[in-house]
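What follows is the residue order along each chain.
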Amino acid sequence: MADSTHLLNSKQMALFVAEGYLRFDELVPDDLNRAVKAEMDNQAIPREEAGSPLSAIWPDAAVGRVFRLPEIEGIIHSLVGPDPLYDHHAVHTVAAGHHFGQHWHADAIIDTRLHFDIQFMYFAHDTPREMGGTLILPGSHYRRISESDIARYHNFVGQVPMICKAGTVIVLHHGMWHCAQPNRTDEMRYMFKLRLNPTVRQLRLWNTEDIDDPEVSHILSTNQPWHGNEERIEHVNRIHFWRFLTGDDQFDNHYWLSRIENEPELV
Amino acid sequence: MPDTRQKLLVLYLRTPDLHAGVVAWSEFDGTSAADERHTSGDAADSGGATNPPYTSVVDAMRDGWRVVQFPQQYPAYPGTEYQVSYLKYEYILEKMEVVDG
């Protein structure tokens with residue numbers, strides 16, 4: 001059970017709804033980063049059975065301790081609840097001197113749910129730009145595409161390469177577009193990915209004390225530079241998602257849904 | 001007869017207007033060597049910033065690029081009016097370059 005002091009707040013949840021990810025720099029302590037790096041070097045992190053309770057896996061491994069940190073448990077609880085399932089993990093590597101970027105993709109397949117999975121990306125060592133970092137596209141999580149359908153795209157205004165210090169963690173909505181980047185150093189580059197499924201209705205699982213903070217509306221209205229003419233359609237998707245997360249079917253932001261839901265029958 | 005090769009530039013715009021700003025782009029270079037290619041993120045500098053090679057399709061046309069494909073526009077199928085997916089305003093441009101035989 002997550003410590004309530006480490007739950008996300010409503011402004012962070014709004015940012016997740018708007019951008020599809022949250023970033024936590026240098027969250028994992030250095031000794032644990034080094035221990036996980038050694039486990040990855042030694043290929044010592046076993047693949048578990050999909051659908052297993054997260055609480056039951058990696059009881060002794062350093063990587064298990066990472067996902068039992070109170071801060072990480074608070075993130076997990078806020079997004080997918082107290083008892084999520086392990087979907088899969090991957091130790092992603094980019095070999096030294098690999099000079100091509102991976103094609104843009106989203107994981108899995110087209111997913112039409114409002115219920116959502118999360119994916120952690122954990123960077124156990126420093127990741128400067130010359131080492132790549134995973135490239136992510138904020139605000140891409142509502143796009144209905146199947147895996148590598150988007151491989152023709154190369155660059156977006158607003159794309160974000162994960163340039164970070166050891167111990168940095170990002171948590172993504174399952175729909176986020178991303179790709180590995182070239183590694184121009186002489187060392188292997190790692191990124192540890194873990195996908196989790198919820199087992200409870202994802203309803204107000206975070207610390208909602210600030211649910212009425214005006215900043216929530218402002219965050220939900222933030223545009224991405226690559227959305228162009230579809231900015232307003234993106235806002236509609238965010239409003240639907242916020243309604244799902246809060247259980248407030250009347251929630252609106254800047255009147256976008258109130259206007260198109262107004263169908264008076266009074267004669 | 002000079003030997004020519006095709007270069008493709010794919011620009012994605014804010015709106016269908018060919019003067020509209022570029023929000024994404026790709027390059028495919030038929031003059032490049034077999035071990036060279038444009039790939040994801042190749043415009044990102046060390047700070048992560050990205051700058052499109054042109055500000056619009058018309059800006060690229062002024063530099064000699066020829067538009068070879070326009071995006072078709074269709075109304076949304078009923079039930080998909082608020083779905084988002086691919087980038088809608090995709091223009092494909094080409095240049096033909098003379099290469100040493």
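In case you missed it, the structure is sitting above this.
This write-up is about the structure you can find in this document. (Residues numbered from 1 in each chain as written. Chains lettered and ligands numbered in written order. Predicted model: local features only at pLDDT ≥ 70, side-chain atom pairs only at ≥ 80, totals over all residues. Heavy atoms only, no water.)

**What about the overall build of chain A?**
Thought 1: Across its full length, chain A holds 7 helices and 10 strands.
Thought 2: On C-alpha atoms alone, chain A measures out to a radius of gyration of 19 Å, which is about the 18 Å that the 2.2 N^0.38 rule sets for 267 residues.
Thought 3: In terms of principal-axis extent, the alpha carbons of chain A reach across some 75 × 40 × 30 Å.
Thought 4: Here the analysis covers contacts within chain A between residues at least 6 apart in sequence; of these, 87% occur between residues at least 24 apart.
Thought 5: Carbon and sulfur atoms provide 49% of the accessible area of chain A, an area that totals close to 11600 Å².
Thought 6: Separation between the mean location of the 23 positive side-chain charges and that of the 38 negative ones in chain A comes to 5 Å. (Helix = DSSP H or I, 4+ residues; strand = E, 2+ residues; numbered from the N terminus. Rg over C-alpha atoms; globule rule 2.2 N^0.38 Å. Contact = heavy atoms within 4.5 Å. Areas by Shrake-Rupley, 256 points an atom, 1.4 Å probe, with all protein chains shown as cover. Lys, Arg positive; Asp, Glu negative; His and termini not counted. Charge placed at Lys NZ, Arg CZ, Asp CG, Glu CD.)

**What to know about the interface of chain A and chain B**
Thought 1: Across the contact, 37 residues belong to chain A and 35 residues belong to chain B.
Thought 2: Of the roughly 3000 Å² buried at the junction of chain A and chain B (both faces included), carbon and sulfur atoms supply 53%.
Thought 3: Counting every contact that joins chain A to chain B gives 2 salt bridges.
Thought 4: One can count 22 residue pairs in polar contact (both at pLDDT 80 or more) joining chain A with chain B.
Thought 5: Looking at the side of chain A that touches chain B, the elements that each hand over two or more residues are strand S6 (155-156) and helix H6 (231-246) of chain A.
Thought 6: Take the side of chain A that touches chain B: its biggest share by element is 5 residues, from H6(A).
Thought 7: Here the residues of the side of chain A that touches chain B sort into 19 nonpolar, 10 polar and 8 charged. (Buried area = accessible area lost by both parts, 1.4 Å probe. Salt bridge = Lys/Arg side-chain N within 4 Å of Asp/Glu carboxyl O. Polar contact = N/O pair within 3.5 Å; in protein donor to acceptor, adjacent residues only side chain to side chain. Nonpolar A, V, L, I, M, F, W, Y, C, P; charged D, E, K, R; others polar.)

**Some remarks on the layout of surface pockets**
All names here are of chain A.
Thought 1: Estimates place the volume of the largest pocket at around 760 Å³.
Thought 2: Its residues assigned to classes, the lining of the largest pocket comprises 11 nonpolar, 6 polar and 5 charged.
Thought 3: Its volume calculated, the second largest pocket comes out at about 480 Å³.
Thought 4: If one sorts the elements of the lining of the second largest pocket by residue count, H6 sits on top with 4 residues.
Thought 5: Partitioning the lining of the second largest pocket into residue classes produces 10 nonpolar, 9 polar and 6 charged. (1 Å grid on protein atoms, 1.4 Å probe; cavity = no way out; pocket = protein on both sides within 12 Å on 5 of 7 lines; lining within 4 Å. Points joined across faces, edges and corners; volume = space filled by probe spheres on them.)

**Thoughts on the pattern of salt bridges**
Residue and element names in this part refer to chain A.
Thought 1: Inspection of every chain in the model, using the stated rule, returns 19 salt bridges over all chains.
Thought 2: Put simply, Asp213 and Lys11 hold a salt bridge, and the shortest N to O gap is 3.2 Å. With Asp213 in the loop between strand S10 (189-197) and helix H5 (214-220) and Lys11 in helix H1 (residues 10-19), this residue pair connects regions lying 202 residues apart in the sequence.
Thought 3: Lys11 gets classed as partly exposed once you look at its relative accessible area, which sits at 27%.
Thought 4: With a shortest N-O distance of 3.0 Å, Glu261 and Arg243 are connected by a salt bridge. Here the residue Glu261 occupies a position in the segment after helix H7 (256-260), and Arg243 occupies one in helix H6, the gap between them amounting to 18 residues.
Thought 5: Classification of Glu261 as partly exposed rests on a relative accessible area of 43%.
Thought 6: Overlapping salt bridges bring together Asp87, Asp111, Arg113, Asp117 and Arg195 as one network. (Buried < 20%, exposed > 50% of the residue type's maximum accessible area, 1.4 Å probe, protein only.)

**Comments concerning the nonpolar core**
Note that soluble globular proteins tend to have their nonpolar side chains buried in a common cluster.
Thought 1: The biggest cluster of nonpolar side chains holds 53 residues, and the ones touching the most others in it are Trp58(A), Leu79(A), Phe120(A) and Trp242(A).
Thought 2: Residue contributions to this core peak at 6 residues, all from H6(A).
Thought 3: Those residues within four positions of Trp58(A) in sequence are excluded, and the remaining contacts are Ile45(A), Pro46(A), Glu48(A), Val63(A), Gly64(A), Phe67(A), Arg68(A), Tyr86(A), His89(A), Phe192(A) and Leu194(A).
Thought 4: Core analysis: the second largest hydrophobic core is formed by 17 residues, Ile150(A), Trp177(A), Trp226(A) and Val23(B) among them. (Core = buried A, V, L, I, M, F, W, Y, C linked by side-chain atoms within 4.5 Å.)

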